[in-house]
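As a plain string of letters, each chain reads:
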Amino acid sequence: MNSGEEKIFSELNERQRQAVQTVAGPVLIVAGAGSGKTKTLTHRVAHLLSQGVPASAIVTLTFTNKAADEMKQRITALLSEKEKLTVKIPFIGTFHKFALSILRSHARTIGHEQNFSIYDELDSCAATKQALERLDYQENARAIYKKISFLKNRGDTLGNGRLPKKLQTIYEEYEKILLEQNAFDFDNIILKAVELLEKHPEILNMYYGRYTHFLIDEYQDTNKPQYELLRLLAGKHNNICVVGDDWQSIYGFRSADYRILLNFEHDWPEARTFYLEQNYRSTQNILNASHGVISKNVARTEKKLFTENPSGSLVSVTQFVDEQHETLWIKEKIFSRLGEGINLPRIAILFRTNVQSRIFEDMCIQERIPYQLIGAFKFYKRKEIVDIVAYLRAIHNPKDGAALERIINVPPRGIGAASIARLKKEQWNSEKLTPSPSANRIQTFFTMMAQIRDKAQKLTTKGLIEHVVHTIEYKQYLDPNTDEGQERWENIQELMRIAETFSSTETSGLGEFLHALQLLQDADELDSSKEKLTLMTLHGAKGLEFDTVFISGLEEGLLPHNRSLSIPDQLEEERRLLYVGMTRAQTQLHLTLCQTRYIHGSLQYNIPSRFLQDIPPLYAEFVYQTGTPRTYAGEDGLLYEYQRDREDDEDIVLLG
DNA sequence: AGAAGATAGCTTTTT
DNA sequence: GCTATCTTCT
């Protein structure tokens, strides 16, 4: 064993070490919250490399770019200085990025051209709208697109399930449009890769030769098409290692199916399973309180997390009369935490829905607490970025209808809605539009695009953006004399910088840049280096940890959310969501709730979340307002009246 | 073509 | 009550 090997194993506990060392065959790692999941996965990759598995034969799949980046960094950190120079880092990226690489190599085999576009949700809605127009249906394009996307994610593709006739017709037309416009929507990136490998055994065989080892992070988030892709690719060598935690499956609403994880041993009968149950993150009280909550779920693996950490302070559960009082209390707690030397980046406020963030933002502004609201502004969704990217797309793929529709009259060139509608009907063939009043202007536009396209060959991506922006006089259009225009112009410059760094790191042209951009939807990263308080949804908190965590709004109707009350599966997911939130906390966990709260403008009276009843009183301190029924679920599943003697429950003294 | 007015709808979210 | 989107008006 060389020094690199020693390093790989010395940092691991026994279970983790076994999971890393079992190199051949299918491996399932059920990794509880805070049990060193990413560590195990990265060490496994490092171990494979040290065993002589070529980097080019290893594929590590994640669900987000963020997770992929983190893993890349951690693997690099594991390699010795010598190895850093000699060993290549294997493919680590999202399912979509990986599937895209397959599509790029074989686009023609499935009827697309090399320069295909990737349609994001907005583009796909536009394509759906066009399908509806062609069919002369009046339906709402967004709703229909969502339905189609839902079906695809569930694996109910065309000719597969029995869809209502009308929906089937729209779906078919929509797919036709994507093909005409030489585009894939997000879902088709996976689906078409699966289809390709199913229909072309010789191509699949080629990939068998290329990739021998697969590792998948957050396996509980896999949906059916992604699972099928894995079955195909890993089906020959069976060296597939999946890591996940069914207790933390919170993306069922987008067809992630934790049962895929539960079925792993059935799917791969040779599988070895390892449970990582030692938690390195939280105090015993936090862990036990969380366990009380999650253990009420029926569909789950059986495991019991333990920790060698101290028991710590009790979890607090506090009810307020309204959200003003709730916020005030949280604010005071934050300040006292700061006084104890816990700085802002180690504190987070979590909530179920985005609207709940507002009152905390107001609090931060008033108290001059620097904060970051995760999931708020998205760089690539800004109008000016989408506009310029649409130009690039239309230059790269002249059939990109979604992009053309977006830019043909931006900046305004006097091409009206009627002309655009007719152009769409003629599949953007401008020659068929001679009688139109704006025929000349349309002609000018297409001539301009053709000229830019010619020039694009000789330009870098950054140079091309500069050329486009100059040609269409975009800066003038933004009006940099206004604050807003100024900011937008700065965003364009930021896009140029991104293009510059991209072309210097990857040997690539416009196509690769555009594909990467389309798969990089969010640019807002959690930035723990800055002195900022974190505000985010419970979903956003997965995979993160904070010293002190506040979870606000533990009320029936909010958590569990109203929409999931009548659906048992969704209720279990709500419970997992709370579990995920609770297990983010290292030393302090505060759950808060209100008797009244303004929701959609009207005052609502809320009762405590049913999940609170499942927190064993031994690990938590409950402070409820007068008149609130106080019960908890005992070990036997029955409800008991809350017994703790607290005379001062009625009068909660609010600080400030 | 862009601003003002009307209206619907309102959970979570990555690619 | 807020806000995103559609309609209507100038």
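Within each chain, residues carry numbers counting from 1 in the order of the written sequence. Chains carry letters and ligands carry numbers; both start at the beginning, A for chains and 1 for ligands, and go up in the order they are written. Side-chain atom pairs in this predicted model are given and counted only at pLDDT of 80 or more, local residue features only at pLDDT of at least 70, and totals for whole chains, interfaces and linings cover all residues. Heavy atoms from the whole structure form the basis of all side-chain values; hydrogens and water molecules are not counted.

1. As for helix α25 (residues 510-518)
Inference 1: Type-normalised accessible area, obtained with a 1.4 Å probe on protein chains alone, sets the label of each residue: buried when under 20%, exposed when over 50%, and partly exposed for intermediate values. Counting from the N terminus, the helices are DSSP H or I runs at least four residues long and the strands are E runs at least two residues long. Here α25 lies mainly inside the structure; seven of its nine residues are buried.
Inference 2: For α25, every residue scored as buried is listed here: L510, G511, F513, L514, H515, L517 and Q518.

2. Side note on the protein's contact with DNA strand C
Inference 1: Each residue is tested against the molecule or strand, and it is near if at least one of its non-hydrogen atoms lies within 4 Å. Around DNA strand C, a shell composed of R142, R358, H600 and G601 is seen.
Inference 2: Sugar and phosphate atoms represent 47% of those atoms of DNA strand C found within 4 Å of the protein.
Inference 3: With respect to DNA strand C, the side chain of R358 contributes an N or O atom lying 2.8 Å from a phosphate oxygen.
Inference 4: All amino acids are sorted into three groups, where Ala, Val, Leu, Ile, Met, Phe, Trp, Tyr, Cys and Pro are nonpolar, Asp, Glu, Lys and Arg are charged, and the leftover types, Gly among them, are polar. Split into classes, the residues belonging to the surface near DNA strand C amount to no nonpolar, two polar and two charged. Whenever a nitrogen or oxygen atom comes within 3.5 Å of another N or O atom, the pair is scored as a polar contact, on the condition that within protein one atom can donate a hydrogen and the other can accept it, and that pairs from neighbouring residues in sequence are kept only if both atoms are in side chains.

3. Examining the protein's contact with DNA strand B
Inference 1: Neighbouring DNA strand B are 27 residues; N65, E121, N354, T537 and R563 lie closest to it.
Inference 2: Counted by atom, the contact set of DNA strand B within 4 Å of the protein is 59% sugar and phosphate.
Inference 3: Within the side chain of H96, a nitrogen or oxygen atom sits 3.5 Å from a base oxygen of DNA strand B.
Inference 4: Side-chain polar atom of H561 to a sugar or linking oxygen of DNA strand B: 3.2 Å apart, as the coordinates give it.
Inference 5: Residues that form the surface near DNA strand B fall into these classes: six nonpolar, 14 polar and seven charged.

4. Brief notes about the packing of helix α16 (residues 323-339) against helix α17 (residues 357-367)
Working note: a packed helix pair is described by the angle between its axes plus the distance between those axes.
Inference 1: Packing of α16 against α17 brings their axes to within 10 Å, and their N-to-C directions diverge by 50 degrees. By the angle between their axes, α16 is oblique relative to α17. When you trace α16 past α17, the crossing you get is right-handed. Counted together, E323, Q324, T327, I330, K331, I334 and F335 of α16 and I359, F360, M363 and E367 of α17 form the full contact between these two elements.
Inference 2: Split into classes, the residues belonging to the contact of α16 with α17 amount to six nonpolar, two polar and three charged. Lines fitted to the C-alpha atoms define the axes, with helices restricted to the stretch that makes contact. Angles between their N-to-C directions range from 0 to 180 degrees. Convention used here: angles under 35 degrees read as roughly parallel, angles over 145 as roughly antiparallel, angles from 65 to 115 as roughly perpendicular, and any remaining angle as oblique. Two helices crossing with the near one rotated counterclockwise from the far one by less than a right angle form a left-handed crossing, whereas a clockwise rotation gives a right-handed crossing. Any two residues whose heavy atoms approach within 4.5 Å at even a single point are treated as in contact.

5. Examining the sheet that holds strand β7 (residues 239-244)
Sheets are built from strands that pair by backbone hydrogen bonding, the pairs being arranged parallel or antiparallel.
Inference 1: Only strands joined by at least two bridges in the DSSP assignment are considered to pair. Read across the sheet, six strands follow the order β3-β2-β6-β7-β1-β8 without closing on themselves; strand pairing throughout is parallel. With partners counted over all chains shown, the strands left at the sheet margins are β3 (91-94) and β8 (272-276), one partner each. Averaged over all pairs of adjacent strands, the angle between strand axes in this sheet comes to 15 degrees, irrespective of strand direction.
Inference 2: The sheet strands contacting helix α6 (residues 95-106) are β2 (58-62), β3 and β6 (213-216), and the helix crosses β3 at an angle near 110 degrees.

6. Re the side chain of D257
Inference 1: Note on placement: D257 falls in the loop between β7 and α13 (259-262).
Inference 2: Looking at D257, its side chain comes within polar contact range of the side chain of R259, at 3.0 Å.
Inference 3: If near-sequence neighbours (up to four positions away) are discounted, D257 is found in contact with Q220 and T222.

7. Observations regarding the pattern of salt bridges
Inference 1: Every case where a carboxyl oxygen of Asp or Glu lies within 4 Å of a side-chain nitrogen of Lys or Arg is listed as a salt bridge. Taken as a whole and judged by the stated rule, the model has 46 salt bridges.
Inference 2: Residue K192 pairs with E195 through a salt bridge whose shortest N-O separation is 3.5 Å. On the criterion of helical spacing, the pair formed by K192 and E195 is a turn pair, its members being three residues apart in helix α10 (residues 186-199).
Inference 3: Several salt bridges converge on common partners, so that one network encompasses K152, E175, D185, K192, E195 and K199.

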